[in-house]
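# Chains, contacts and geometry: an overview
Here are the chains, one letter per residue:
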Amino acid sequence: MSKPLLHQRFPALVETLGFRRLGTAPTPIHALDVGTGVPLWCKDDGTYGDGGWGGNKIRKLEWLLPEAHRRGKRTILTVGGTGTNWGLATALYGRDEDIDTVLALIDQPLDDHVREQLSRLENSGATLYFTGTKARTVRTVPWLLLRHRLPYFLPAGGSSPIGALGYVEAAYELAEQVAAGAVPEPSHLVTAVGSGGTAAGLVLGLRLAGLRTRVVGVVVNDALPLDAPRIVRLADRTQRLLRSRGARFEPVELRPSDLTITKDWLGPGYGHSTPAAREAEALAAEDGLRLETVYTAKALAALLHLDTAGEFGAGPVLFLNTYGPR
Ligand SMILES: *Cc1c(COP(=O)(O)O)cnc(C)c1O
């Protein structure tokens, strides 16, 4: 299945929005037993990606890499932490599409996980700049744009409207899985929020696909301003992008109250592990699911707590696994 559901749903997009299949869809959904009171399922986007890395960034690249070609760009410039999954995915999948990657890397707490990731980055063929603080990185970007002759600049996490399409597509995919009986319609979908593109794409896509599932975003990044109004703004920009490229649909009204955002699981900051995250990571591992403490284990920790607080009613709840090491 290589034609995206968005192209099937909105045929005008075939001409206006390129798509390159980089993984195997649909991603599997299975029951997850980590001791919740509510029925819990996991959509495992960690399995997505046929190249050297997987996870949620691959779905964004399926739209972003063709868009780079559309714009006549042979180089992508983007930013991330020193352990960036996004930068690694861009370098590996870009390379296969003849696109060079330049990364400005912001310091993040160094642990074994980040050191391993750094060596993968060094072997990925990307050009790396260690730009230190966020402020210094922001100041360096204009220089890098000139130095690399006006590459396609992408924000952290690939969370532009084009990148968010990856999770509009994933929402349509989930709707098909619900229709086919692979999973009951979730009352809530819990995901980590690092740059907001995944949550924004889901908020828009779930609505367009006719699901009533509420997105619960667990913020894990304090370096970016991430709250419900900003995520809804990105979802709205994504909606406008789709319409400007010819998709015909009645615009949906999106409000910040349509999703839940919590910052209670961030701990000391981006990349800092927390006891709750380590506990959630261990619980998931017992059920065969590999998480990490930067994103996914913090999201699961929030889910476990919200479940205890009775926030999900009767559920069922869907946990989105976004981490895809290879
Ligand atoms: C980037 C990332 C996220 C967050 O997705 P955003 O679209 O940036 O909010 C979640 N989990 C993992 C493993 C990631 O690499």
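Remember, predicted model here, so these are calculated numbers, not experimental data. (Residues numbered from 1 in each chain as written. Predicted model: local features only at pLDDT ≥ 70, side-chain atom pairs only at ≥ 80, totals over all residues. Heavy atoms only, no water.)

## Some remarks on the site of the ligand
Contacts to the ligand come from 15 residues, most closely from Lys 57, Lys 60, Ser 195, Thr 198 and Thr 322. Note that an oxygen atom of the ligand is positioned 2.8 Å from one of the backbone N or O atoms of Gly 194. Here an oxygen atom of the ligand sits 2.8 Å away from a polar atom, N or O, in the main chain of Gly 196. When isolated, the ligand has an accessible area of 380 Å², and the protein chains bury 98% of it. Take the shell around the ligand: its biggest share by element is three residues, from helix 3 (residues 56-70). By residue class, the composition of the shell around the ligand is four nonpolar, nine polar and two charged. (Near = heavy atom within 4 Å. Polar contact = N/O pair within 3.5 Å; in protein donor to acceptor, adjacent residues only side chain to side chain. Areas by Shrake-Rupley, 256 points an atom, 1.4 Å probe, with all protein chains shown as cover. Helix = DSSP H or I, 4+ residues; strand = E, 2+ residues; numbered from the N terminus. Nonpolar A, V, L, I, M, F, W, Y, C, P; charged D, E, K, R; others polar.)

## With respect to the domain arrangement of the protein
For the protein, the assigned domains read domain 1 (5-56 + 160-325) and domain 2 (74-158). Taking only C-alpha atoms into account, the centre of domain 1 sits 23 Å from that of domain 2. In this assembly, 21 residues from domain 1 lie in contact with 18 residues from domain 2. Across the domain 1 to domain 2 interface the summed buried area is about 1500 Å²; carbon plus sulfur atoms make up 56%. (Domains from an automatic or database assignment. Contact = heavy atoms within 4.5 Å. Buried area = accessible area lost by both parts, 1.4 Å probe.)

## So, the sheet that holds strand 4 (residues 75-81)
The strand order across the open sheet formed by four strands is 6-5-4-7, and the pairing between neighbours is parallel. Pairing within the sheet leaves two strands with one partner each, and these edge strands are strand 6 (127-132) and strand 7 (152-154). For this sheet, the mean inter-axis angle between neighbouring strands, taken without regard to orientation, is 20°. Along the sheet, helix 3 contacts strand 4 and strand 7; its crossing angle with strand 7, the most-contacted strand, is approximately 150°. Seen against the sheet, helix 6 (residues 134-147) touches strand 4, strand 5 (100-106), strand 6 and strand 7 and runs at an angle of roughly 145° to strand 6. (Pairing = 2+ DSSP bridges. Axes fitted to C-alpha atoms, helices over the stretch in contact; angles between N-to-C directions.)

## Focus on the sheet that holds strand 11 (residues 317-321)
The strand order 1-2-11-8-9-10 describes an open sheet built from six strands, whose pairing is mixed. On the outer flanks of this sheet lie strand 1 (29-31) and strand 10 (260-262), each paired with one strand and no other. On average, adjacent strands in this sheet sit at an angle of 25° to one another, irrespective of strand direction. Bridge count for strand 1 against strand 2 (residues 40-44) is three bridges, and the pairing is antiparallel. Looking at strand 2, one finds that His 30 is bridged to Cys 42. Across the face of the sheet, helix 7 (residues 161-179) comes into contact with strand 1, strand 2, strand 8 (188-193) and strand 11 while running at roughly 130° to strand 2.

## Focus: the pattern of salt bridges
Considering all chains together, one arrives at 13 salt bridges under this definition. In this structure, the salt-bridge partner of Arg 59 is Asp 45, at a minimum N-O distance of 2.8 Å. Remark: Asp 45 occurs in the loop between strand 2 and strand 3 (54-55) and Arg 59 occurs in helix 3; sequence separation between them is 14 residues. You'll find Arg 59 and Asp 45 in the same group, each marked buried. A salt bridge links Asp 258 to Arg 207, with the nearest nitrogen and oxygen atoms 3.0 Å apart. Taken as a pair, Asp 258 in the loop between helix 9 (228-244) and strand 10 and Arg 207 in helix 8 (residues 197-208) lie far apart in primary sequence, 51 residues in all. Each member of the salt-bridge network shares a partner with another, and the members are Lys 43, Asp 45, Arg 59 and Glu 173. (Salt bridge = Lys/Arg side-chain N within 4 Å of Asp/Glu carboxyl O. Buried < 20%, exposed > 50% of the residue type's maximum accessible area, 1.4 Å probe, protein only.)

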